[in-house]
Amino acid sequence: MLEMLSYSFMQRALLAGLMVAVICPAIGIFLVLRRLAQYGDTFAHVSLAGVAAGMLARFHPIYTALGFSVAVSLGIDWLRRRYSRYSELALAIMAPASLGLAVVLLSLTKGAGSEVLSYLFGSIMTVTQQNLYLIAGLGLIVLLALVLLYKEMLSVTFDEEFARIGGLPVGVVNAIFMVLTAMTVAMAMNIVGVLLVSALMVVPVATALQLARSFRGALALSVAAGLLSVLVGLTLAYTLNLAPGGTVVLTAVGLLLLVLGYKKARGLE
Amino acid sequence: MNTPLVKLKDVSFGYGSDPVLEAVDLEVRRGDYLGLIGPNGSGKTTMLKLILGTIAEPTRGKVELFGVPSGQFRDWWKVGYVAQKAASFNSGFPATVAEVVLTGRAPRRGLLRLYTREDRQAVSEALEKVGMLAFKDRLIGRLSGGQQQRVFIARALVSHPELLILDEPTVGVDVEAEAQFYRLIRELRQQMGLTVVLVSHDMGAVAHEVTSLACLNRRLFYHGSPEEFGTEEQLCELYGHHVRAIHHHHHD
Ligand SMILES: Nc1ncnc2c1ncn2[C@@H]1O[C@H](COP(=O)(O)OP(=O)(O)O)[C@@H](O)[C@H]1O
Ligand SMILES: [Mg+2]
């Protein structure tokens, strides 16, 4: 099994996968606890429209995906503040609108077929050196932002009204968080694919919430569950010649079931 | 040092066209223990929101905190707040008591700064004050209503505020926890010289505790010492039938 580490494509895949495995659940835990898990899916659809635009313009799709996603994150934040009671509606409209745009743009692009598939289902086996740099760069930015804004994010997530009254710039924190989410989705899409990005943001968190005894613990366990899923998933994909994105997510779900089963067996429910 | 900590001058406010507050004048001075009472829907929480700046502007009149117009006030750590629904958070939230209380330090620490040992020290002290230090590492959702309330008081105290505002803190806690709560506020006032505003619709309990009383029902009906406030008959005159109804409801 260690032989897989001798291939440079596999080294890149693992490095990119590990980065994504850390970032997705770390952002995901805040999404889940604020009951905004749907955002992951919405940004994934928006990123796909970005990918389609990039293909049509013959420009690196990952950059256009990032641009679309971040632009929309700011737009959604703006909408959320104006129509606070209909924030789910903004999401519910944004996802199909993006998908529609993606389909139309793709129909204008010649020979987009196979490349599109790699964005839909992930293409960890074809991570280029340049993609790896971008993913590492984005990942470090997201991580740094999470460390520096940890106390604001936790405060706003636990009790937004209290944070606001205490004088925290809640609006700014929320806007930054939306941008970070958009960046995370765009970078992870390349690895696990549009359809599975939000799974990697949510499933490891669900596993962690079953076991955690503190917020720090929940964060650490989420990341651990993400890392384990990616490592095991990619190894399985390599040895059994399976689709990597799917294997990773199925591993994450398997881990969740294992934890649920363990708790049930021990009578901890 | 004689500027009132809170000053409302001729304040009126309505969410729509109906007024919720009308021509309210109120001052809270350093060292006061003010009981703000009134039936449900009388505008108590709305008045606090105007003071705390969650409602930006009154329709008419002025709100000042520590002598500063509330729109320009920046030292929000000087005001500790325990909301009416503080305990209605997501009880599955994976945070310990200490982690929750620590969030009360965030504004004081400043943006992009990490918590320091001083912050953690302040958390222990605040938990000690409310008698919850032993529960420091418990999940917040695993505590009783009364214990959670004390944790939220600790979160309000951890920034070392000068003014503590509590919105209906004894709703939904048992009689023993209620007695414990009033004892705690008495201690905090003695030890820290805290100024306290306590909102309640339970006239009976509050009148024994506070140093001054304000009765709100859209307008402010009485503001003065509880001793002069008088008997229940006068109370009913002031409020119409509201207070009696509430009173009975509460003791059911
Ligand atoms: N966000 C809001 N939008 C519209 N009306 C509100 C809002 N909050 C409170 N009200 C109304 O204002 C009145 C006063 O409410 P509130 O200040 O909560 O009273 P209290 O705290 O004394 O029970 C009530 O009639 C209530 O229905
Ligand atoms: Mg109220």
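Residues numbered from 1 in each chain as written. Chains lettered and ligands numbered in written order. Predicted model: local features only at pLDDT ≥ 70, side-chain atom pairs only at ≥ 80, totals over all residues. Heavy atoms only, no water.

Draft legend 1. Local environment of the overall build of chain A. Scanning chain A from N- to C-terminus turns up 12 helices and zero strands. Tracing chain A from N to C terminus, the helices and strands come up as α-α-α-α-α-α-α-α-α-α-α-α. Referenced to the eigenvectors of the C-alpha coordinate spread, the extents of chain A come out at roughly 55 × 50 × 30 Å. Relative to its 269 residues, chain A shows a buried fraction of 55%. (Helix = DSSP H or I, 4+ residues; strand = E, 2+ residues; numbered from the N terminus. Buried < 20%, exposed > 50% of the residue type's maximum accessible area, 1.4 Å probe, protein only.)

Draft legend 2. Structural view of the packing of helix 3 (residues 61-82) of chain A against helix 6 (residues 129-148) of chain A. All names here are of chain A. For the pair helix 3 and helix 6, interaxial distance at closest approach is 11 Å and the crossing angle is 25°. Here helix 6 runs roughly parallel to helix 3, going by the angle between their axes. Where helix 3 approaches helix 6, its residues Ile62, Tyr63 and Leu66 are matched on the opposing element by Gln130, Asn131, Leu134 and Leu138. Here the contact of helix 3 with helix 6 is composed, by residue class, of five nonpolar, two polar and no charged. (Axes fitted to C-alpha atoms, helices over the stretch in contact; angles between N-to-C directions. Parallel < 35°, antiparallel > 145°, perpendicular 65-115°, else oblique. Contact = heavy atoms within 4.5 Å. Nonpolar A, V, L, I, M, F, W, Y, C, P; charged D, E, K, R; others polar.)

Draft legend 3. How the structure looks around the sheet that holds strand 2 (residues 21-28) of chain B. Residue and element names in this part refer to chain B. Taken together, the four strands give an open sheet; going across it, the order is 2-1-4-5, and neighbouring strands pair in antiparallel fashion. Whereas interior strands pair on both sides, the edge strands pair on one side only; in this sheet they are strand 2 and strand 5 (68-69). Running at roughly 120° to strand 1 (residues 6-13), helix 1 (residues 44-52) makes contact with strand 1, strand 2 and strand 4 (60-65) of the sheet. (Pairing = 2+ DSSP bridges.)

Draft legend 4. Quick peek at helix 2 (residues 38-56) of chain A. All names here are of chain A. Here helix 2 is 19 residues long and its end C-alpha atoms lie 28 Å apart, about the 27 Å a rise of 1.5 Å per residue gives. In terms of residue burial, helix 2 counts as a mostly covered element, since 16 of its 19 residues are buried. Downstream of helix 2 by a residue or two, Arg58 has a phi angle that is positive, lying close to 55°. (Expected span 1.5 Å × (residues − 1).)

Draft legend 5. Spotlight on the layout of surface pockets. The volume enclosed by the largest pocket comes to roughly 840 Å³. Lining the largest pocket are 33 residues, and of these Val156(A), Asp159(A), Glu160(A), Glu161(A) and Arg164(A) sit closest to its centre. Of all the elements in the fold, those that place two or more residues in the lining of the largest pocket are helix 3, helix 7 (150-158), helix 8 (160-165) and helix 9 (170-192) of chain A together with helix 1 and strand 6 (79-82) of chain B. No other element matches helix 8 of chain A, which puts four residues into the lining of the largest pocket. Residue composition of the lining of the largest pocket, by class: 11 nonpolar, nine polar and 13 charged. (1 Å grid on protein atoms, 1.4 Å probe; cavity = no way out; pocket = protein on both sides within 12 Å on 5 of 7 lines; lining within 4 Å. Points joined across faces, edges and corners; volume = space filled by probe spheres on them.)

Draft legend 6. Quick look at the pairing of strand 10 (residues 219-224) of chain B. Residue and element names in this part refer to chain B. Direction of pairing for strand 9 (residues 212-217) relative to strand 10: antiparallel, over a ladder of five bridges. Looking across to strand 10, one finds that Leu213 is bridged to Gly224. Once strand 9 ends, the chain turns through one residue before running back antiparallel as strand 10, passing Arg218 with a positive phi of about 70°.

Draft legend 7. A look at the coordination of the magnesium ion (ligand 2). All names here are of chain B. Taken together, Thr45 (OG1) and Gln84 (OE1) make up the protein donors of the magnesium ion (ligand 2), found 2.0 to 2.3 Å from the metal. Of this pair, Thr45 sits in helix 1 while Gln84 sits in the loop between strand 6 and helix 2 (97-102); the two residues are 39 residues apart in sequence, bridging distant segments of the chain. Look at Thr45 and you get partly exposed, because its relative accessible area is 24%. (Donors = N, O, S within 2.8 Å, 3.2 Å for Na, K, Ca; no water.)

Draft legend 8. Just the interface of chain A and chain B, in detail. Each side of the interface is counted separately: chain A has 28 residues, and chain B has 31 residues. Taken over both partners, the interface formed by chain A and chain B buries close to 2500 Å², and the fraction arising from carbon and sulfur atoms is 71%. Three residues, Lys151(A), Phe158(A) and Ile165(A), lead the burial of chain A against chain B; their summed loss comes to 32% of the area buried on that side. Ionic pairing is found between Asp159(A) and Arg155(B), a salt bridge with its closest N-O pair at 3.1 Å. The tally of links from chain A across to chain B stands at six residue pairs in polar contact (both at pLDDT 80 or more). Elements with a minimum of two residues in the side of chain A that touches chain B: helix 6, helix 7, helix 8 and helix 11 (215-240) of chain A. The element best represented in the side of chain A that touches chain B is helix 7 of chain A, accounting for seven residues. (Buried area = accessible area lost by both parts, 1.4 Å probe. Salt bridge = Lys/Arg side-chain N within 4 Å of Asp/Glu carboxyl O. Polar contact = N/O pair within 3.5 Å; in protein donor to acceptor, adjacent residues only side chain to side chain.)

Draft legend 9. Structural view of the confidence of the model for chain B. Residue and element names in this part refer to chain B. Mean pLDDT over chain B works out to 87, with 89% of the residues at or above the 70 mark. The least confident element of chain B, judged by mean pLDDT, is helix 9 (residues 242-251) at 43; the most confident is helix 2 at 98. Here residues 240-252 is a poorly scored stretch, pLDDT under 50, and it has 14 contacts once near neighbours within four places are set aside; other chains count. In the predicted complex, the global pTM is 0.90; the interface-specific ipTM is 0.90. (pLDDT = per-residue confidence, 0-100.)

Draft legend 10. Expanded view of the pattern of salt bridges. Residue and element names in this part refer to chain B. With the rule as written, the count across this model stands at 17 salt bridges over all chains. The partner of Glu118 in a salt bridge is Arg105, with the nearest N and O atoms 3.8 Å apart. Of this pair, Glu118 sits in helix 4 (residues 117-129) while Arg105 is found in the loop between helix 2 and helix 3 (106-109), placing the two residues 13 residues apart along the sequence. Residue class for Glu118 comes out exposed when judged on its relative accessible area of 53%.

Draft legend 11. Main features of a nonpolar patch on the surface. Residues and elements named next belong to chain A. There is a patch of nonpolar side chains on the surface, built from Leu228, Leu231, Val232, Leu236, Leu240 and Leu242 and spanning about 490 Å² of accessible area. Of note, Leu228 is situated in helix 11. On the basis of relative accessibility, which here comes to 43%, the residue Leu228 falls in the partly exposed class. (Patch = residues over 30% accessible without salt bridge, like charges linked within 9 Å, V, L, I, M, F, W, Y side chains within 5 Å. Areas by Shrake-Rupley, 256 points an atom, 1.4 Å probe, with all protein chains shown as cover.)

Draft legend 12. Structural context of unusual backbone geometry. Residue and element names in this part refer to chain B. The backbone of Leu112 shows a phi angle near 65°, a positive value even though the residue is not glycine. Of note in the backbone geometry, Arg218 takes a positive phi value of approximately 70° without being a glycine. With respect to the secondary-structure elements, Arg218 resides in the loop between strand 9 and strand 10. Judged by relative accessible area, Arg218 falls into the partly exposed class, the value being 38%.

Draft legend 13. Focus on helix 10 (residues 197-211) of chain A. Three or more residues of helix 10 of chain A are buried, namely Val197(A), Ser198(A), Ala199(A), Leu200(A), Met201(A), Val203(A), Pro204(A), Val205(A), Thr207(A) and Ala208(A). The secondary structure elements touched by the buried residues of helix 10 of chain A are helix 1 (8-33), helix 2, helix 9, helix 11 and helix 12 (244-265) of chain A.

Draft legend 14. Structural context of the environment of Ala44(A). Residue and element names in this part refer to chain A. Within the secondary structure, Ala44 sits in helix 2. Note: C-alpha distance between Ala44 and Val173 (129 residues apart in sequence) is 22 Å. For Ala44, the residues in contact, after removing those within four places along its chain, are Val185 and Val194.

Draft legend 15. Just empty space enclosed by the protein, in detail. For the structure shown, the criterion picks out five cavities of 30 Å³ or more. Put simply, the largest cavity is a space of about 100 Å³. Lining of the largest cavity is provided by 13 residues; of these, Phe162(A), Gly166(A), Trp76(B), Val79(B) and Ser159(B) occupy positions nearest its centre. Residue contributions to the lining of the largest cavity peak at three residues, all from strand 6 of chain B. Tallied by class, residues from the lining of the largest cavity come to eight nonpolar, four polar and one charged.

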